Amino acid sequence: MKFPEDFLWGTATAAFQIEMGRGEPDPNSDWYVWVHDEVNIKNGLVSGDLPENGPGFWELYPEDLRRAKDDLGNNAFRMSVDWSRIFPNPTWDVPVKVSFDSSGNICHVEVSDESMHLLEERAYQPSVKKYRDILTECRKLDLTVLLTLYHWPLPLWIHDPITCRDDIVHAGKRGWVDQSTVIEFSKYAAYVAKTFGDLVDIYATMNEPMVVSGAGYLNEKSGFPPGLSNIDLFVEVTKNLAIAHGIAYEQVKEWDRVSCSNYGPAYVGIVHCPQYYEPYNKDSKDDVKAANFVEYVQNEWFLNMITKGDFDLNLNMMIERNEQHPNLAKGCDFIGINYYMRNRVKAAESKTPGFPGFEIVPCTENCTDMGWEIYPQGLRYELNWAYKLYRRPLMVTENGIADAKDEKRSDFLISHLREIHKAIIEDGIPVKGYFHWSLIDNFEWAKGFKMKFGLYRVDYETKKRTPTKAVSIYRQIASGTFD
Ligand code: BGC
């Protein structure tokens, strides 16, 4: 399994999931409040585990990064910075020039030098310093960083998830439901690019926007904030995220002019999560229709918005005239693919008039601890699919397994990398890197610490890391010595 010379080998992480546990915690985000909320815990929406008991990367990052470099033989690392750490207090009053298109959508935000100075004053300097330390350590170790600007927590001053859960109509801070969040996000993106641009060249504006909108606004049982089921809000939030991607793309390009790698100064993409969908019964027309619809909404819909400006807001799988907004498709230099599973889709009674109803059939064979079906061939399929439709370079930005017993991880890793290898060598797909989810066990959102995705086990009491069997295998594959 020889991969291209300049292939990026890494692991993927997210700030909220690994940072807390040592050093200063961050109580200023919606996710923090959400997982502490007693009603959510009592209703079993969230596990009751708390992020402040996490792996403690905030302090222990030097040893974790050393593991990535020396033990795994990696040359890259995917991490995120949390907006609420950098701006725990509002930036509403930092002036920017906002332009709207004829449909009332934000189409451009201009951050002046003066506004940048104000943002610099507002930013919480201990967090900025810590992130610089972490990024500097990556540079010292020759780990090329892929930095995600938004991997899910929103500052509390932007999103109050409990009030939204209980009464969205009267809530004031409604996160991505409101266009104003796009404006604040663009200030934050500009600030991050300006502040860390000398240490970072590869950016993802956001992680899995379809999970933010789908889990947050279409499935009140998902355990994701704000825990609603409302198709209109789902559409609105997805649209605002798509617009926010474009505006943030422009900000990063504008404010990071310093190159520190062959990718520089700013190579900016999205991290998306196309999964493999299959009709449960291939002979059933209804199952086929349901599977096609889910696949379209989950895999295609958002990418069509950010790459072509096709905003299919009535979800009829056609683009009417008033749904064409090429001015909002600002750019996307690469597409990050997070791939985990195959989903079998069965037609079901529709809960939303006008849309096919569906259910995902629970996994019965080859399942992970999350109940996800292991299906490596689906990764090759998705890479081909994404490239054929969008013609952008790709990176596998997440792929991994919750496997507490450490029985399946090694095979999982090998089989998925074989599929990527085939996609590159046999299909000619430009896949630029692979980031395994994750370096260490971490806080798996609503499910807490029980789900163990790490290449290293974490003992949450002592914070001790212990390698799983896949560590040496990953090292061999990354160094080209694995058969
Ligand atoms: C997310 C990660 C998450 C992983 C496993 C991805 O959807 O980006 O934050 O931990 O899947 O669930």
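It should be noted that the structure appears before, not after, this text.
Along each chain, numbering runs from 1 in the same order as the chain's sequence is written. Two thresholds apply to this predicted model, a pLDDT of at least 70 for residue-level local features and 80 or more for giving and counting side-chain atom pairs, whereas whole-chain, interface and lining totals are computed over all residues. Computation of side-chain values: all heavy atoms of the structure, hydrogens and water removed.

J.: How should I be thinking about the site of the ligand in this particular structure?
T.: The criterion for a residue being near a molecule or strand is simple. One of its heavy atoms has to lie within 4 Å of it. In the vicinity of the ligand, the contacting residues are Gln17, His151, Trp152, Asn207, Glu208, Tyr340, Trp372, Glu398, Trp437, Glu444, Trp445 and Phe453. Here a polar contact means two N or O atoms within 3.5 Å. Within protein one must be a hydrogen donor candidate and the other an acceptor candidate, and residues neighboring in sequence count only if both atoms are side-chain atoms. Side-chain polar atom of Glu208 to an oxygen atom of the ligand: 2.5 Å apart, as the coordinates give it. Within the contact set of the ligand, an oxygen atom lies 3.4 Å away from a side-chain nitrogen or oxygen of Tyr340. All accessibility values rest on the Shrake-Rupley procedure with a 1.4 Å probe; residue burial counts only the protein chains present in the view. Summarising the interface, the protein chains cover 94% of the accessible area of the ligand, which totals 310 Å² for the free molecule. Each residue is assigned to one class: nonpolar for Ala, Val, Leu, Ile, Met, Phe, Trp, Tyr, Cys and Pro, charged for Asp, Glu, Lys and Arg, and polar for all the others, Gly among them. For the shell around the ligand, a count of residues per class yields six nonpolar, three polar and three charged.

J.: Whenever I open this one, the state of the cysteines confuses me. Can you help?
T.: In protein structure, a disulfide is the covalent linkage between the sulfur atoms of two cysteines. Criterion for a disulfide: a pair of cysteine sulfur atoms within 2.5 Å. Throughout the structure, instances matching the rule amount to one disulfide. Through a disulfide, Cys363 is tied to Cys367; the S-S separation comes to 2.2 Å. Because the torsion about its S-S bond is -100°, the bridge between Cys363 and Cys367 counts as left-handed. Relative accessibility decides the category of a residue: with a 1.4 Å probe and only protein chains considered, values under 20% of the type maximum give buried, values over 50% give exposed, and everything between is partly exposed. For Cys367, a relative accessible area of 17% gives the class buried. This cysteine, Cys107, is not joined by any disulfide, and Cys332 carries the nearest cysteine sulfur, 19 Å off.

J.: So what exactly am I meant to see when it comes to empty space enclosed by the protein here?
T.: Summary: where empty space remains is shown by rolling a probe the size of a single water molecule over the atoms. Of the grid points, spaced at 1 Å and generated over the protein atoms alone, those admitting a 1.4 Å probe that cannot get out make up cavities, while open sets with protein on both sides within 12 Å along at least five of seven lines make up pockets; any residue with an atom within 4 Å of a point is treated as lining. Grid points are joined across faces, edges and corners, and a volume is the space filled by probe spheres set on the points. According to the stated counting rule, one finds two cavities of 30 Å³ or more in the structure shown. Counted as a void, the largest cavity has a volume near 110 Å³. Asp30, Tyr150, Trp152, Val212 and Pro225 are the residues nearest the centre of the largest cavity, which is lined by 14 residues in total. Of all the secondary structure elements, the ones that give two or more residues to the lining of the largest cavity are α2 (30–36) and α10 (209–217). A per-class count over the lining of the largest cavity returns 11 nonpolar, two polar and one charged. Quantified by volume, the second largest cavity comes out at close to 40 Å³. Looking at the second largest cavity, the residues that line it are Thr13, Ala14, Ala15, Ile18, Glu19, Phe57, Met79, Ser80 and Tyr131. Counting from the N terminus, the helices are the DSSP runs of H or I reaching at least four residues and the strands are the DSSP runs of E reaching at least two. Looking at the lining of the second largest cavity, the elements that each hand over two or more residues are α1 (15–18) and β2 (76–80).

These figures capture arrangement, not role.
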